[in-house]
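# A look at the structure
Each chain, written out:
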Amino acid sequence: MPLSPAVRPYDHVLLDLDGTVWLGDAALPGAVDAVGALREAGKAVLFVTNDVRLAPEAFVRKLWGLGFQASVAEVLSAGAALQYFLADRGGQRSAYVVGAQALVDHVAEAGLRIVNGTTFAPRADVVVVGGHDRFAFEELKIATQAVLRGAELIGATRDATFPMPDGPWPGTGAVLAAIETATGRKAAHVVGKPEPPMYAAALDRLGPGRVLAVGDRLDVDVAGARHAGMDSALVLTGATSPAEANAADPRPTYISESLASLVLG
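Read on for an overview of the structure. (Residues numbered from 1 in each chain as written. Predicted model: local features only at pLDDT ≥ 70, side-chain atom pairs only at ≥ 80, totals over all residues. Heavy atoms only, no water.)

Here we come to the overall build of the protein. Helix and strand content of the protein: 10 helices and 15 strands. Relative to a compact globule of 265 residues, whose C-alpha radius of gyration would be 18 Å, the protein shows 18 Å and is just as compact. Projected onto its principal axes, the C-alpha positions of the protein cover 60 × 35 × 35 Å. Looking at the 265 residues of the protein, the share that counts as buried comes to 54%. For the protein, contacts bridging at least 24 residues in sequence account for 68% of all contacts bridging at least 6. About 11,300 Å² of surface is accessible on the protein, with carbon and sulfur atoms providing 54% of the total. Of the charged side chains in the protein, 22 are positive and 29 negative; the average position of the first set lies 5 Å away from that of the second. (Helix = DSSP H or I, 4+ residues; strand = E, 2+ residues; numbered from the N terminus. Rg over C-alpha atoms; globule rule 2.2 N^0.38 Å. Buried < 20%, exposed > 50% of the residue type's maximum accessible area, 1.4 Å probe, protein only. Contact = heavy atoms within 4.5 Å. Areas by Shrake-Rupley, 256 points an atom, 1.4 Å probe, with all protein chains shown as cover. Lys, Arg positive; Asp, Glu negative; His and termini not counted. Charge placed at Lys NZ, Arg CZ, Asp CG, Glu CD.)

If you want it as structure tokens, here you go:
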């Protein structure tokens with residue numbers, strides 16, 4: 001399938017997942033064909049997501065299950081970017097992680113000592129925050145105590161919500177805001193889109209060439225791409241309405257009804 005003129009000039013395409021490639025557990029219409037067309041045209045594809053609930057291998061399994069081809073090297077989650085960020089800073093520190101097991105594993109792989117489930121949790125050196133489906137008050141309490149004792153607060157993202165078939169679900173930003181409110185302290189670092197560490201991790205995986213970042217959120221995907229010096233494409237299958245897209249200032253490089261219409265025309 002021939003590519004649209006919009007995407008032909010690019011060597012690499014960063015693809016958001018929620019609201020761009022899929023919605024919940026279903027691929028968005030035409031998305032499988034669009035990604036297939038990018039591959040057939042020789043474009044490098046990197047799936048970039050702020051979702052920290054799954055490990056990269058689980059994202060790959062989900063992509064294959066929905067009809068997409070993908071390898072672990074082609075999936076960059078905010079959790080993986082956080083691992084890259086923490087490992088680059090070095091140091092043997094203890095960490096309390098608010099998040100799913102996938103995020104705990106990323107923090108451990110970065111070299112930090114996990115103190116979840118121990119008496120040392122409220123005295124952790126670092127509190128890492130990611131939203132997950134089983135978030136509990138106990139996590140909020142321990143994270144609050146650790147930060148008030150001097151722990152460094154690091155957020156995976158600030159996404160307030162993410163799109164699901166039954167409506168928006170609370171995202172990592174909602175959990176991070178609760179901890180910031182309880183402690184009166186802002187996170188020292190946030191890693192996921194639109195922040196620079198996410199794009200530094202993405203560029204570390206890519207070779208030279210022009211990059212187009214595709215996503216469904218103006219404040220996350222479009223803003224992050226702009227700050228990273230990349231062109232952006234906004235699709236209207238997720239969090240952004242046509243009215244919001246048309247009122248955007250500055251505007252994305254492209255606005256399209258869907259990934260399929262962007263790629264295939």
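Resuming the write-up.
The computed volume of the largest pocket comes to approximately 350 Å³. Lining the largest pocket we find 26 residues, and of these T161, F162, P170, G171 and T172 sit closest to its centre. Of all elements in the fold, only β10 (161-162), β11 (169-170), α6 (172-183) and α8 (218-227) reach the threshold of two or more residues within the lining of the largest pocket. Looking at the lining of the largest pocket residue by residue, the classes come out as 8 nonpolar, 8 polar and 10 charged. Taken as a whole, the second largest pocket holds about 230 Å³ of empty space. Contributing to the lining of the second largest pocket are 13 residues, with P56, A80, Q83, H106 and E109 lying nearest its centre. Elements with a contribution of two residues or more to the lining of the second largest pocket: α2 (56-65), α3 (78-89) and α4 (101-109). Counted by class, the lining of the second largest pocket contains 7 nonpolar, 2 polar and 4 charged residues. (1 Å grid on protein atoms, 1.4 Å probe; cavity = no way out; pocket = protein on both sides within 12 Å on 5 of 7 lines; lining within 4 Å. Points joined across faces, edges and corners; volume = space filled by probe spheres on them. Nonpolar A, V, L, I, M, F, W, Y, C, P; charged D, E, K, R; others polar.)

A separate point is empty space enclosed by the protein. If you roll a probe as big as a water molecule over the atoms, it shows you where there is empty space left. Counted according to the given criterion, the structure contains 1 cavity of 30 Å³ or more. Counted as a void, the largest cavity has a volume near 60 Å³. If you go around the largest cavity, the residues you meet are L14, L15, D16, V48, K193, Y199, A213, V214, G215 and D221. Breaking the lining of the largest cavity down by element, the ones donating at least two residues are β1 (12-15) and β13 (211-215).

A few words now on the environment of T172. Residue placement: T172 occurs in helix α6. In this structure, the C-alpha to C-alpha distance between T172 and D231, residues 59 residues apart in sequence, is 26 Å. If sequence neighbours within four positions are ignored, T172 has contacts with V52, V129, G130, G131, A156, T157 and D159.

All right, on to the side chain of T49 then. Note on placement: T49 falls in strand β4 (residues 44-49). Classification of T49 by relative accessible area gives buried; the value is 2%. When sequence neighbours within four positions are dropped, the list of residues in contact with T49 reads D16, L17, D18, F59, L76, S77, A78, K193 and M198.

Attention shifts here to the pattern of salt bridges. Evaluated as defined, the whole model comprises 13 salt bridges. The partner of R39 in a salt bridge is E74, and the shortest N-O contact between them spans 2.9 Å. Linking R39 in helix α1 (residues 31-40) with E74 in the loop between α2 and β5 (75-77), this pair joins segments that are 35 residues apart in sequence. Overall, R39 belongs to the partly exposed group, its relative accessible area being 25%. Residue D231 is joined to R210 by a salt bridge in which the shortest nitrogen-to-oxygen separation is 3.1 Å. Residue D231 is located in strand β14 (residues 231-235), and its partner R210 is located in the loop between α7 (196-205) and β13; the two are separated by 21 residues in the primary sequence. (Salt bridge = Lys/Arg side-chain N within 4 Å of Asp/Glu carboxyl O.)

This paragraph deals with the packing of aromatic side chains. In total, this model carries 3 aromatic pairs according to the counting rule given. The aromatic ring of W22 is capped on one face by K62, whose charged end is 4.0 Å from the ring centroid. (Phe/Tyr/Trp six-rings, centres within 6.5 Å; stacked < 30°, edge-to-face > 60°. Lys NZ or Arg CZ within 6 Å of the ring centre and 35° of its normal.)

Next up on the list: the packing of α3 against α4. Close contact between α3 and α4 brings their axes to 8 Å; oriented N to C, the two are set at 20 degrees. Comparing their axes, α4 and α3 come out roughly parallel. Crossing of α3 over α4 shows right-handed handedness. Here G79, A80, L82, Q83 and L86 of α3 lie close against α4, whose contacting residues are L103, H106, V107 and E109. Within the contact of α3 with α4, the residues separate by chemical class into 5 nonpolar, 3 polar and 1 charged. (Axes fitted to C-alpha atoms, helices over the stretch in contact; angles between N-to-C directions. Parallel < 35°, antiparallel > 145°, perpendicular 65-115°, else oblique. Left-handed = near helix turned anticlockwise from the far one by under 90°.)

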